[in-house]
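The primary structure of each chain is shown beneath.
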Amino acid sequence: MTNKDIIVLSRSGLLTYLMQHDINKPFLVLSIVTPLDRKPRITNPNAIVATEFFYDEENNMGMSREQAKNFANAVRNNKDIVSKILVHCDAGISRSAGTAAAVMKYVTGDDWPIWNSSLYCPNMRCYRFMLEELMGEYNETEAQEREWVNIRLYKEKHCL
């Protein structure tokens, strides 16, 4: 699996992607939803779906360690049999990007496609908890350097 096989999407982007692509091999969907949202209806029989509810109604709680563990287990148990890993949240910018960056680092050893993109603003809590679960470590200095690069790129694209 390459970095191109790990895709960050919004909820609507996921549904559009699945309508436009007939995926005939097993693929993993890491579905990040909020309790007030409906889970996306995924009808492709090749989909392996792991769903976690990340925030309560007041957006007070982010990813928990238990949720990171569940996603990490889904990745570990399926990475050798799936053709793609699709990671989605509501907007496809922060929570899904942080989660996908950690998955990329674990699966391919390279998370720069997320950090070096103005499309994303990865959630550091998701990134940290997922890295700790997947790899047993989190390098705060390295993560901060990646975050600064990303913040600069994101601001250049979206704030000027």
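Higher on the page you've got the structure.
Cut-offs used in this document
- Residues numbered from 1 in each chain as written.
- Predicted model: local features only at pLDDT ≥ 70, side-chain atom pairs only at ≥ 80, totals over all residues.
- Heavy atoms only, no water.
- Helix = DSSP H or I, 4+ residues; strand = E, 2+ residues; numbered from the N terminus.
- Expected span 1.5 Å × (residues − 1).
- Buried < 20%, exposed > 50% of the residue type's maximum accessible area, 1.4 Å probe, protein only.
- Arc of directions from axis to C-beta.
- Contact = heavy atoms within 4.5 Å.
- Lys, Arg positive; Asp, Glu negative; His and termini not counted.
- Salt bridge = Lys/Arg side-chain N within 4 Å of Asp/Glu carboxyl O.
- Axes fitted to C-alpha atoms, helices over the stretch in contact; angles between N-to-C directions.
- Left-handed = near helix turned anticlockwise from the far one by under 90°.

Topic: helix α6 (residues 140–158)
The end-to-end C-alpha distance of α6 is 26 Å, a good match for the 27 Å that 19 residues give at a rise of 1.5 Å each. Listed as buried for α6 are A143, R146, N150 and L153. All buried residues of α6 fall inside an arc of 100° around its axis, so they share one side. When the buried face of α6 is taken as reference, the exposed residues oriented beyond 90 degrees from it are T141 and W148. The secondary structure elements touched by the buried residues of α6 are α3 (95–108), α4 (112–115) and α5 (124–135).

A short note on the side chain of K84
You can see K84 is positioned in the loop between α2 (65–78) and β4 (85–89). An unpaired buried charge is present at K84: no salt bridge exists, and D5, the closest side chain of opposite charge, is 4.0 Å distant. Among residues more than four places away in sequence, those in contact with K84 are M1, D5, I7, Y17, I23, P26, F27 and L28.

Observations regarding the pattern of salt bridges
Enumeration according to the criterion identifies seven salt bridges in this entry. Residues D90 and R11 are paired through a salt bridge, measuring 3.2 Å at the closest nitrogen-oxygen approach. Remark: R11 occurs in helix α1 (residues 11–20) and D90 occurs in the loop between β4 and α3; sequence separation between them is 79 residues. Looking at R11, the relative accessible area reads 22%, which means it is partly exposed. When the shortest N-O distance is used, the salt bridge between D90 and R95 registers 3.1 Å. D90 gets classed as partly exposed once you look at its relative accessible area, which sits at 28%. Three or more residues joined by partner-sharing salt bridges are found here, namely R11, D90 and R95.

Focus on the packing of α2 against α3
Two elements in contact, α2 and α3, have axes separated by 11 Å at closest approach and are oriented at 35°. In this structure, the crossing between α2 and α3 has a hand that is right-handed. For the pair formed by α2 and α3, the contact residues are F71, V75 and R76 on the first element and T99, V103, Y106 and V107 on the second.

Looking at the environment of E147
Positionally, E147 belongs in helix α6. Spatially, the C-alpha atom of E147 lies 31 Å from that of I81, the residues being 66 residues apart in sequence. Apart from residues no more than four positions distant in its own chain, E147 is found in contact with W115 and M124.

Here we look at the environment of L28
Along the chain, the position of L28 falls in strand β2 (residues 27–33). The class of L28 is buried, set by a relative accessible area of 1%. Between the C-alpha atom of L28 and that of I81, which follows or precedes it by 53 residues, the distance is 9.3 Å. When near neighbours in sequence (up to four residues on either side) are disregarded, L28 contacts I48, A74, V75, N78, V82, K84, I85 and L86.

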